[in-house]
Amino acid sequence: MTATPVTDSPARPAFARDARVVVPTRHPGRWAMAAVILVLVAGAITQVIGNERFQWDVVGDYLFAEPILQGVARTLMLTVAAMTIGVVLGVVVAVLRLSPNPILSSAAWAYSWFFRGTPLLVQLLFWYFLGALYPTIGAGSFSWSANDLISPLTAALLGLGLNEAAYMSEIVRGGILSVPPGQAEAASAVGMRRSQVMRRVVLPQAMRVIIPPTGNETIGMLKHTALVLVIGYSELMTSASLIYSRTYQTIPLLIVAALWYLAISAVLSVGQFFIERHFGRGFSHHRVSRRGSRATRKGEAVA
Amino acid sequence: MTTTTADEPMFQAWDVHKSFGHVEVLKGIDMSVERGEVVCLLGPSGSGKSTFLRCINHLEKFDRGEMWVGGQRVGYRPHGDKLKELNEREVAQRRSGIGMVFQGFNLFGHRTALENVMEGPVVVRREKRAVAEQRARDLLGRVGLADRVDNYPSQLSGGQQQRVAIARALAMQPDLMLFDEPTSALDPELVGDVLAVMRQLAEDGMTMIVVTHELGFAREVADRVYFMDGGVVVESGPPSEVLERPREARTQAFLSKVLA
């Protein structure tokens, strides 16, 4: 090697001439552990597949059966609709909670206290039996019979959506508080009004913090929709239970439902990945870009 | 947008008082800045200079006194013998004519340099995107960042971020620019670029009020300096007087500490 000497480094000591190559550390323990886990997993799988009492043939028969597919569609619809209500209302409650007006912020606090503090099951039943408390809803000529208004679907959406909004409001509030106050100041200094500051500057940056727990909430919601079984709205879980109560093939139908829930949450996780990437703009490649900018700084000094 | 005539001061303040709780941080400040003038506010930390600057565009409220920018009251309107706070829309409208540059840059982290500069004109002034983009590119070129338009703030050095922040403020075509310690958060080797942009701005005739610790900049660029301490203006005048031959003991003490 005929490397040109670096001017400001000390003279190379003699022992450095046959410098040795660094070898990566080996991890034999990891390989052993992987082998053990592989054997255990393989054993479990053959156990489950080999066990006739799982009735895999019945699972196969019902996996794509008409009532199950209908249930899947309704579960999806319920999840999306209830999460939409939850997110929109949750943002409103979070913004009110952060309002300087003490009446508004206490009202928002009371909302999440109430809807987080009572069981979802109780809330669903209350909405469903609203007619017992208020036979007619509205005032004067604009009133409807509660029994017409409150179907299993509306009760399910109200129960799931309003409950979700209470949880979402705390997630959104945390996100808003995570945005440095200087961002809002800079936006106001440009002449934006409070609503513009929130919409254009604070919320888009809060999303980075809001999305991961919202993914949790969505997958949670997917499974919470099973609770509407008690008010007789026929989503995936209700469809499965209707079948097994007739055929007594309980386990295979529960497996059918579980496989669908698993498949949908897998799809939702993929969606979350892309949404996170979108809102990570300007933040995601922090380390790499820092290095990049340092390099250009040097470049500028030369130029 | 402003109603000043050429001989009326761009900015005027009389007897401005402000307290945080029981602590009075501004104890009657008077100030006047002519159109095209550059004024530097100097003083030890806690002297109230940043608070005063933030009152000018109503990021901070004050308790007593008057402030006028371009012939309009800032933040308040007369109501009998008292002042009443303007509503949100009016405050926002007045702010849009006053540019502000912060110590911590505060660039919008989710927008590129170009988008940062376009944001105000597009959102507040409802300008067409193409028009706003053209001006944003020109402004970024003027601050020496034509090749950085598509970078996010996290991809820029502190000095580059601060120059984008100056371009963002200029995009609103302000009558008055406020600088709140614009170089205090920068590595020493990056301060020069920012000060050069500010010097150019001063030469182009922008009216500027600058809170700074850069005495060299104040001496060279400022038309007048105000030395503040303990919530009052201790001494003011051309930098050649206040910085070279300070009359007040507090000014002398501060300068000897800073220059030591």
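Coordinates for the structure precede this section.
This one's a predicted model, so the numbers in the text were calculated from it and none came from an experiment.

Caption draft 1: Expanded view of the overall build of chain B. A count of helical and extended segments in chain B gives 9 helices and 12 strands. Rg of the C-alpha trace for chain B: 18 Å, near the compact-globule value of 18 Å for 260 residues, within the 12% margin. Along the three orthogonal principal directions, the C-alpha set of chain B runs to about 50 × 50 × 40 Å. Of all 260 residues assigned to chain B, the portion counted as buried reaches 58%. For chain B, the proportion of contacts with a sequence separation of at least 24, taken over those separated by at least 6, is 64%. Across chain B, 32 positive and 37 negative side-chain charges occur, with their mean positions spaced 5 Å apart.

Caption draft 2: The arrangement of the interface of chain A and chain B in detail. Taken together, the contact pairs 28 residues of chain A with 35 residues of chain B. With both sides pooled, the region where chain A packs onto chain B buries about 2700 Å², and carbon together with sulfur makes up 51% of that total. At the junction of chain A and chain B, the tally comes to 2 salt bridges. In this structure, the salt-bridge partner of Arg 200 of chain A is Glu 119 of chain B, at a minimum N-O distance of 2.8 Å. For the interface between chain A and chain B, the tally reads 10 residue pairs in polar contact (both at pLDDT 80 or more). When contributions to the side of chain A that touches chain B are tallied by element, the ones reaching two or more residues are helix 9 (181–190), helix 10 (194–224) and helix 13 (286–302) of chain A. Broken down by element, the residue count for the side of chain A that touches chain B peaks at 8 residues, all from helix 9 of chain A. Class assignment of the residues belonging to the side of chain A that touches chain B gives a composition of 8 nonpolar, 12 polar and 8 charged.

Caption draft 3: Inspection of the nonpolar core at higher detail. Residue and element names in this part refer to chain B. Ranked by internal contacts, the top residues of the largest apolar core, which has 71 residues, are Phe 11, Met 31, Leu 41, Phe 52, Ile 56, Met 67 and Ile 209. For Met 31, the residues in contact, after removing those within four places along its chain, are Phe 11, Gln 12, Ala 13, Leu 41, Phe 52 and Tyr 226. Membership of the second largest hydrophobic core comes to 51 residues, among which are Val 117, Met 118, Ala 169 and Ala 202.

Caption draft 4: Just the side chain of Lys 49 of chain B, in detail. All names here are of chain B. In this structure, Lys 49 sits in helix 1 (residues 49–56). Buried charge without a salt bridge: Lys 49, with Glu 181 as the nearest opposite-charge side chain at an N-O distance of 4.1 Å. One polar contact links the side chain of Lys 49 to the main-chain carbonyl oxygen of Gly 43, over a distance of 3.1 Å. In this view, Lys 49 contacts Leu 41, Leu 42, Gly 43, Pro 44, Glu 181, Val 211, His 213 and Met 228; residues no more than four positions away in its chain are not counted.

Caption draft 5: How the structure looks around the packing of helix 3 (residues 66–97) of chain A against helix 11 (residues 236–247) of chain A. Residue and element names in this part refer to chain A. Running from N to C, helix 3 and helix 11 cross one another at 155 degrees; their axes reach a closest spacing of 7 Å. One element, helix 3, and the other, helix 11, form an angle in the roughly antiparallel class. Contacts between helix 3 and helix 11 involve Pro 67, Ile 68, Gly 71, Val 72 and Thr 75 from the first element and Leu 236, Ser 239, Ala 240 and Ile 243 from the second.

Caption draft 6: Layout of the packing of aromatic side chains. Across all of its chains, the model carries 10 aromatic pairs over all chains by this definition. An angle of 70 degrees between the planes, with centres 6.2 Å apart, marks the rings of Phe 11 of chain B and Phe 52 of chain B as edge-to-face. Separated by 41 residues along the polypeptide, Phe 11 of chain B in strand 1 (residues 11–20) and Phe 52 of chain B in helix 1 bring together distant segments of the chain. With respect to class, Phe 11 of chain B is no different from Phe 52 of chain B; both count as buried. Put simply, the rings of Tyr 111, Phe 114 and Phe 115 of chain A pair up and form one aromatic cluster. A cation sits over an aromatic face here: Arg 168 of chain B above Phe 108 of chain B, 4.5 Å from the ring centre.

Caption draft 7: Highlighting the environment of Arg 54 of chain B. Structurally, Arg 54 of chain B can be placed in helix 1. Along the primary structure Arg 54 of chain B and Met 100 of chain B are separated by 46 residues, whereas in three dimensions their C-alpha atoms are 9.0 Å apart. Beyond its immediate stretch of four places on either side in the chain, Arg 54 of chain B contacts Glu 185 of chain A together with Leu 59, Glu 60, Met 100 and Asp 180 of chain B.

Caption draft 8: Just the pattern of salt bridges, in detail. All names here are of chain B. Inspection of every chain in the model, using the stated rule, returns 19 salt bridges over all chains. Note that Glu 85 is salt-bridged to Lys 61, the shortest N-O span being 3.6 Å. Linking Glu 85 in strand 7 (residues 82–85) with Lys 61 in the loop between helix 1 and strand 4 (64–69), this pair joins segments that are 24 residues apart in sequence. A residue is classified by how much of its surface remains accessible, and Glu 85, at 37% relative accessible area, is partly exposed.

Caption draft 9: Geometry of helix 2 (residues 56–63) of chain A. Residues and elements named next belong to chain A. Considered for burial, the residues of helix 2 that qualify are Val 58, Val 59, Tyr 62 and Leu 63. Along the long axis of helix 2, the arc covered by the buried residues comes to 130 degrees, so they all point the same way. Seen from the open side of helix 2, the exposed residues pointing more than 90 degrees away from its buried face are Asp 57 and Asp 61. Buried residues belonging to helix 2 abut helix 3, helix 11 and helix 12 (250–279).

Caption draft 10: Structural view of the sheet that holds strand 4 of chain B. All names here are of chain B. Reading across from one edge, 2-1-4-5 is the order of the 4 strands in this open sheet, with antiparallel pairing throughout. Of all the strands in the sheet, just strand 2 (23–33) and strand 5 (72–73) have a single pairing partner and so form its edges. Seen against the sheet, helix 1 touches strand 1, strand 2 and strand 4 and runs at an angle of roughly 120 degrees to strand 1.

Caption draft 11: Representation of unusual backbone geometry in the model. In this structure, Gln 55 of chain A is a non-glycine residue whose phi angle is positive, near 55 degrees. Counting through the fold element by element, Gln 55 of chain A comes out in the loop between helix 1 (28–50) and helix 2. Looking at Gln 55 of chain A, the relative accessible area reads 29%, which means it is partly exposed. Its identity as a non-glycine residue notwithstanding, Glu 181 of chain B has a phi of 45 degrees, on the positive side. Inspection of the secondary structure assignment puts Glu 181 of chain B in the loop between strand 9 (176–180) and helix 6 (188–203).

Rules behind the numbers
- Residues numbered from 1 in each chain as written.
- Chains lettered and ligands numbered in written order.
- Predicted model: local features only at pLDDT ≥ 70, side-chain atom pairs only at ≥ 80, totals over all residues.
- Heavy atoms only, no water.
- Helix = DSSP H or I, 4+ residues; strand = E, 2+ residues; numbered from the N terminus.
- Rg over C-alpha atoms; globule rule 2.2 N^0.38 Å.
- Buried < 20%, exposed > 50% of the residue type's maximum accessible area, 1.4 Å probe, protein only.
- Contact = heavy atoms within 4.5 Å.
- Lys, Arg positive; Asp, Glu negative; His and termini not counted.
- Charge placed at Lys NZ, Arg CZ, Asp CG, Glu CD.
- Buried area = accessible area lost by both parts, 1.4 Å probe.
- Salt bridge = Lys/Arg side-chain N within 4 Å of Asp/Glu carboxyl O.
- Polar contact = N/O pair within 3.5 Å; in protein donor to acceptor, adjacent residues only side chain to side chain.
- Nonpolar A, V, L, I, M, F, W, Y, C, P; charged D, E, K, R; others polar.
- Core = buried A, V, L, I, M, F, W, Y, C linked by side-chain atoms within 4.5 Å.
- Axes fitted to C-alpha atoms, helices over the stretch in contact; angles between N-to-C directions.
- Parallel < 35°, antiparallel > 145°, perpendicular 65-115°, else oblique.
- Phe/Tyr/Trp six-rings, centres within 6.5 Å; stacked < 30°, edge-to-face > 60°.
- Lys NZ or Arg CZ within 6 Å of the ring centre and 35° of its normal.
- Arc of directions from axis to C-beta.
- Pairing = 2+ DSSP bridges.

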